[in-house]
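Structural overview for review
Chain residues, written in single-letter form:
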Protein chains: 2
Amino acid sequence: MYVIGLDIGGANLKSADSDGAARSIAFELWKTPELLQTALQELLTSYQRPDLIAVTMTGELADCFQTKADGVDHILTAVEQAVPGVPVLVWQTGAEFLPPDIAREFPLLAAAANWHALATWLGRMIPDQHGLLIDIGSTTTDLIPLQQGLPVTEGVTDVERLLSGELVYTGGRRTPLAMLENRVPLRGQSCPLAAEYFATTADLYVLLEELPESPEDIDTADGRPATRANAFARIARSVCCDITELSEEEAIEIAVWLAARQQAQITEALDQVLSRMDHVPETVLISGSSVFLAKKIVQSHPLLAQAKVTNVAEIFDRSISDSACAFAVARLAAERVRFSTEVEQPD
Amino acid sequence: MYVIGLDIGGANLKSADSDGAARSIAFELWKTPELLQTALQELLTSYQRPDLIAVTMTGELADCFQTKADGVDHILTAVEQAVPGVPVLVWQTGAEFLPPDIAREFPLLAAAANWHALATWLGRMIPDQHGLLIDIGSTTTDLIPLQQGLPVTEGVTDVERLLSGELVYTGGRRTPLAMLENRVPLRGQSCPLAAEYFATTADLYVLLEELPESPEDIDTADGRPATRANAFARIARSVCCDITELSEEEAIEIAVWLAARQQAQITEALDQVLSRMDHVPETVLISGSSVFLAKKIVQSHPLLAQAKVTNVAEIFDRSISDSACAFAVARLAAERVRFSTEVEQPD
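Read on for a plain summary of the structure. Along each chain, residues carry numbers from 1 onward, in the same order as the chain's sequence is written. In the order they appear in the text, chains get letters beginning with A and ligands get numbers beginning with 1. Where local features are concerned, this predicted model is filtered to residues with pLDDT of at least 70; where side-chain atom pairs are given and counted, the filter is 80 or more; whole-chain, interface and lining totals use all residues. Excluding hydrogens and water, the side-chain figures rest on all heavy atoms present in the structure.

1. Regarding the overall build of chain A
The condition is simple: Helix and strand labels come from DSSP, where a helix needs a run of H or I of at least four residues and a strand needs a run of E of at least two; each type is numbered from the N terminus. Burial here depends on accessible area, computed with a 1.4 Å probe over protein chains only, as a share of the maximum for the residue type. Under 20% is buried, over 50% is exposed, and the range in between is partly exposed. We count Lys and Arg on the positive side and Asp and Glu on the negative side, and we leave His and both chain ends out. Here the site of a charge means NZ on Lys, CZ on Arg, CG on Asp, or CD on Glu.
Counting secondary structure elements, chain A contains 14 helices and 14 strands. In terms of overall dimensions, chain A has a C-alpha envelope of 75 × 45 × 35 Å along the principal axes. Evaluated residue by residue, chain A yields a buried proportion of 59% over its 347 residues. Side-chain charges of chain A comprise 25 positive and 49 negative groups, with the mean position of each set lying 3 Å from the other.

See the structure below:
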């Protein structure tokens, strides 16, 4: 049984096969939803033809779709047409795979289910413990309590998860600074940030040297490379300055303050989630493309500092950890479908 | 002396001649700065060839330009090439016009000077009073104290104006909701807004029926028309819901709360500006494409409720008030250049 897992987001398409070969491409779904099928075909060229495609998604929230039902339908149709003749299964927050037509009937169960697939798959690493998964990506953070290896959350849909603290809409790379906070300290005063898409959280962490420079990465607010010099210029622009008007020390002061605010926001949500748990987690699993933030937050948290911390990226290959949700659905599908075949064989 | 004034912003190009014929076009400068010259030529086709072009701008802050100096230079070159052979003058925050080459030498004086041209021109309506200009546009608000008909501000550059409260980076149409606030009330709790460009302030005011529906206007977060039904859907998406998950009553509750927060933010800045003025303003001039907000804020303000309020849009034609900064530089240039010709004649 050779399975390929897909995690179809609004800005990235991620894939992994059940053997661990992972690949992702940037794809701005909200701009060109009609090109999704072609982009998926390109993403899949590096794999052999699978026996099964397992899908999870968040891209149905993109505003090119009038409703999530439209989004789920469009995404599933693109997958079906990208690999005609291959069976497709969709992960649901009900903790099972369903065929596309049933997923289309219950779109809110398939919508934004990738966190659930990841938590279900990773939870099996700690079947007998009280655990917590902290996954920090480029734009969002998931905080998932685990019990007997299974996710035990208060929220299922995105809005329930926002209200419960289990989804924090902030991440280590793509969050616009003016959506993180609307004022920053400057020259002994409080300065409003320009309400524009001028700089993102990656600029904070590159300027502060917590993320490496990536001159080849132009997925930034102004399309210029993710270097320290450009991060400085983008942060300066976020208070309507260019680099002749703001010193590097002032930009660093702003970045230190905003980074602390972001970590405080995640910690507040974490406290909200922990307050509902019966036991302090014995193990904290940390993952996501901004796992460096998860590590800092756990280390500085009074209740979690004693927990065993497992960095998922150190167990798996880097490429898998970046496509962890895709790998999760691939593995879950490979195991479950084999199981159901075994069960059915005696018939 | 036939003068055309231009106000070159990051999202709109506005023009007016000294006789009051005004016209504006949407132009996304940050996306295609190389098309500015062509766009200006198109904007100017409806006018006769002018004796003089008077320019003011804010577009130099667009992040297609590495620095404001680059932006000022690019914008002025595009103007010069759009109408070859016609003299160009540029308004400066030093309260005078300068030729382009000198403007290029002092780019921070030409940068974001349009508020200053407007205040200088409108201030002459109240030459003997303590006054205040409140201009609320689609993305920004200017709060300009006037004395003896002249702007008397603490800040000159954008960052100084942000710090002083004289520039509030919020407006009645294009401000993304998640840049206005990051949490809203929902179902008796506080819900984070998605840190995405899902809805803007126009959606609040269209949903609340303070702005009319504009089915032909697709300059919205998702590119769908500015109707009440779409505003509801966009606000729903900003808490990760579609219209099947959030009631219209809940969307209205969110909109009422965010509208109140926006007005409170402007009022806080207003109090900061008023606290530095020697006298309570006798006359408040209100203007801008979101003048309806200025009216509400003045009416509810304890110190300003007694002042004489003059709505600039009720004095001038609607098309002029939408291009007020362009008309201001056209009028100022027509008067000043005539004056200097008269002065020079005796020589």
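Next comes the rest of the description.
2. Brief notes about the packing of aromatic side chains
Just so we agree on the cut-off: Here a Phe, Tyr or Trp ring, Trp counted by its six-membered ring, pairs with any other such ring whose centre lies within 6.5 Å, and the pair is stacked when the planes are under 30 degrees apart, edge-to-face when over 60, and tilted otherwise.
A full pass over the atoms with the stated rule returns 10 aromatic pairs over all chains. A network of ring pairs unites the aromatic residues Trp121(A), Phe316(A) and Phe327(A) as a single cluster.

3. Some remarks on a nonpolar patch on the surface
Formally: Exposure above 30% relative accessible area and the lack of any salt bridge qualify a residue for a patch; like charges then connect within 9 Å, and the nonpolar side chains Val, Leu, Ile, Met, Phe, Trp and Tyr within 5 Å. Accessible surface area values rest on a Shrake-Rupley calculation with a 1.4 Å probe, where residue burial reflects the displayed protein chains alone. We count a salt bridge whenever a side-chain nitrogen from Lys or Arg sits within 4 Å of a carboxyl oxygen from Asp or Glu.
Taken together, the side chains of Ile102(A), Phe106(A) and Leu109(A) define a hydrophobic patch exposed on the protein surface, amounting to about 240 Å² of accessible area. Within the secondary structure, Ile102(A) sits in helix H3 (residues 100–105).

4. Some points on the packing of helix H9 (residues 228–237) of chain B against helix H10 (residues 248–274) of chain B
When two helices pack together, their arrangement is given by the angle between their axes and by how far apart the axes lie. Residues and elements named next belong to chain B. Rules: Axes, fitted as lines to C-alpha atoms, cover a helix only where it is in contact. Angles between the N-to-C directions of the axes lie from 0 to 180 degrees. Relative orientations are named as follows: roughly parallel for angles under 35 degrees, roughly antiparallel for angles over 145 degrees, roughly perpendicular for angles from 65 to 115 degrees, and oblique for any other angle. By definition in these notes, contact holds between two residues if any of their heavy atoms fall within 4.5 Å. Residue polarity is assigned by list, with Asp, Glu, Lys and Arg as charged and Ala, Val, Leu, Ile, Met, Phe, Trp, Tyr, Cys and Pro as nonpolar; anything else, Gly included, falls into the polar class.
Between H9 and H10, the shortest axis-to-axis distance is 10 Å and the interhelical angle comes to 80°. It follows from the interaxial angle that H9 and H10 lie roughly perpendicular. In this structure, H9 uses Arg228, Phe232 and Ile235 to contact H10, whose residues at the interface are Glu248, Ala251, Ile252, Ile254 and Ala255. The class makeup of the residues in the contact of H9 with H10 is 6 nonpolar, no polar and 2 charged.

5. Thoughts on unusual backbone geometry
All names here are of chain A. Despite not being glycine, Gln148 shows a phi value in the positive range, around 50°. Relative to the helices and strands, Gln148 is located in the loop between strand E8 (141–147) and strand E9 (150–151). Judged by relative accessible area, which is 63%, Gln148 ranks as exposed. Phi is positive for Glu209, close to 60°, though the residue is something other than glycine.

6. Things to note about the sheet that holds strand E6 (residues 97–98) of chain B
All names here are of chain B. Threshold: When DSSP locates at least two bridges between a pair of strands, those strands are taken to pair.
In space, the 6 strands of this open sheet follow the order E3-E2-E1-E4-E5-E6, with mixed pairing throughout. The outermost strands of the open sheet, each flanked by one partner alone, are strand E3 (22–26) and E6. In this structure, strand E1 (residues 3–8) lies alongside strand E2 (residues 12–17), joined through 5 bridges in antiparallel fashion. By the bridge assignment for E2, Asp7 is matched with Lys14. Where helix H2 (residues 68–82) meets the sheet, it contacts E1, strand E4 (52–57) and strand E5 (88–91), and its direction lies at approximately 155° from that of E4.

7. Here's the deal with the relation of the copies chain A and chain B
Under the convention used in this document: C-alpha atoms of residues with pLDDT of at least 70 in both copies form the basis for the least-squares superposition of the copies.
For these two chains of identical sequence, chain A goes onto chain B by a turn of 180° and a shift of 0.0 Å along the axis, with RMSD 0.0 Å. What we have between these two chains is a two-fold relation. Closest approach to the rotation axis within chain A is made by the C-alpha atom of Met179(A), at a distance of 2.4 Å.

8. Let's talk about the pattern of salt bridges
The final tally for this structure, using the stated rule, is 41 salt bridges over all chains. Between Glu166(A) and Arg276(A) there is a salt bridge, with the nearest N and O atoms lying 3.0 Å from each other. A residue pair is termed long-range when its members are at least 10 positions apart, and Glu166(A) in the loop between helix H6 (158–164) and strand E10 (167–168) and Arg276(A) in the loop between helix H10 (248–275) and strand E13 (283–287) qualify at 110 residues. You can call Arg276(A) partly exposed: its relative accessible area is 32%. In this structure, Arg228(B) engages Glu248(B) in a salt bridge whose closest nitrogen and oxygen atoms are separated by 3.1 Å. Of the two residues, Arg228(B) sits in helix H9 while Glu248(B) sits in helix H10, which places them 20 residues apart along the sequence. Given a relative accessible area of 31%, Glu248(B) falls into the partly exposed group. What you see here is one network of salt bridges that share partners, running through Asp73(A), Glu80(A), Asp101(A) and Arg104(A).

9. What about the packing of H10(B) against helix H11 (residues 291–299) of chain B?
Residues and elements named next belong to chain B. Quick note on the threshold: Working rule for handedness: look at the near helix, and if it is turned counterclockwise from the far one by less than a right angle, call the crossing left-handed; if clockwise, right-handed.
In the contact formed by H10 and H11, the axes pass within 10 Å of each other and the chain directions differ by 65°. By crossing handedness, the relation of H10 to H11 is classed as right-handed. Residues Gln262, Gln263, Ile266, Thr267 and Leu270 of H10 form the contact with H11, whose participating residues are Leu293, Lys296 and Ile297. Here the residues of the contact of H10 with H11 are counted per class, giving 4 nonpolar, 3 polar and 1 charged.

10. Topic: the interface of chain A and chain B
Threshold: Side-chain atoms alone can form a polar contact between residues adjacent in sequence; in general such a contact is a pair of N or O atoms within 3.5 Å, and within protein one must be able to donate a hydrogen while the other accepts it.
Tallying the contact residues gives 46 residues for chain A and 46 residues for chain B. Here chain A is connected to chain B by 2 salt bridges. Glu245(B) is paired through a salt bridge with Lys68(A); the nearest N and O atoms lie 2.9 Å apart. Connecting chain A to chain B are 22 residue pairs in polar contact (both at pLDDT 80 or more). Broken down by secondary-structure element, the contributors of at least two residues to the side of chain A that touches chain B are helix H2 (68–82), H6, helix H7 (177–180), strand E12 (189–192) and helix H9 (228–237) of chain A. Taken together, the residues of the side of chain A that touches chain B sort by class into 26 nonpolar, 9 polar and 11 charged.

11. So, the environment of Ala82(A)
All names here are of chain A. Following the sequence through the fold, Ala82 ends up in helix H2. Residue classification places Ala82 among the buried positions, given a relative accessible area of 11%. Distance in space between the C-alpha atoms of Ala82 and Arg174 is 28 Å, their sequence separation being 92 residues. If sequence neighbours within four positions are ignored, Ala82 has contacts with Gln37, Leu40 and Gln41.

12. Observations regarding the pairing of E3(B)
The side chains of a regular strand alternate between both faces of the sheet. All names here are of chain B. With 5 bridges connecting them, E2 and E3 associate as antiparallel partners. Looking across to E3, one finds that Ala16 is bridged to Ala22. Here E2 hands over to E3 after 4 residues, with Gly20 in that stretch at a positive phi of 105°.

13. Focus: helix H1 (residues 36–44) of chain A
Residues and elements named next belong to chain A. To keep things clear, this is the line we draw: Arc definition: directions from the helix axis to the C-beta atoms.
All of the buried residues along H1 are Leu36, Ala39, Leu40, Leu43 and Leu44. End-on view of H1: buried residues confined to an arc of 135°, all on one side of the axis. Structurally, H1 contributes buried residues whose contacts are with strand E1 (3–8), strand E2 (12–17), strand E3 (22–26), strand E4 (52–57) and H2.

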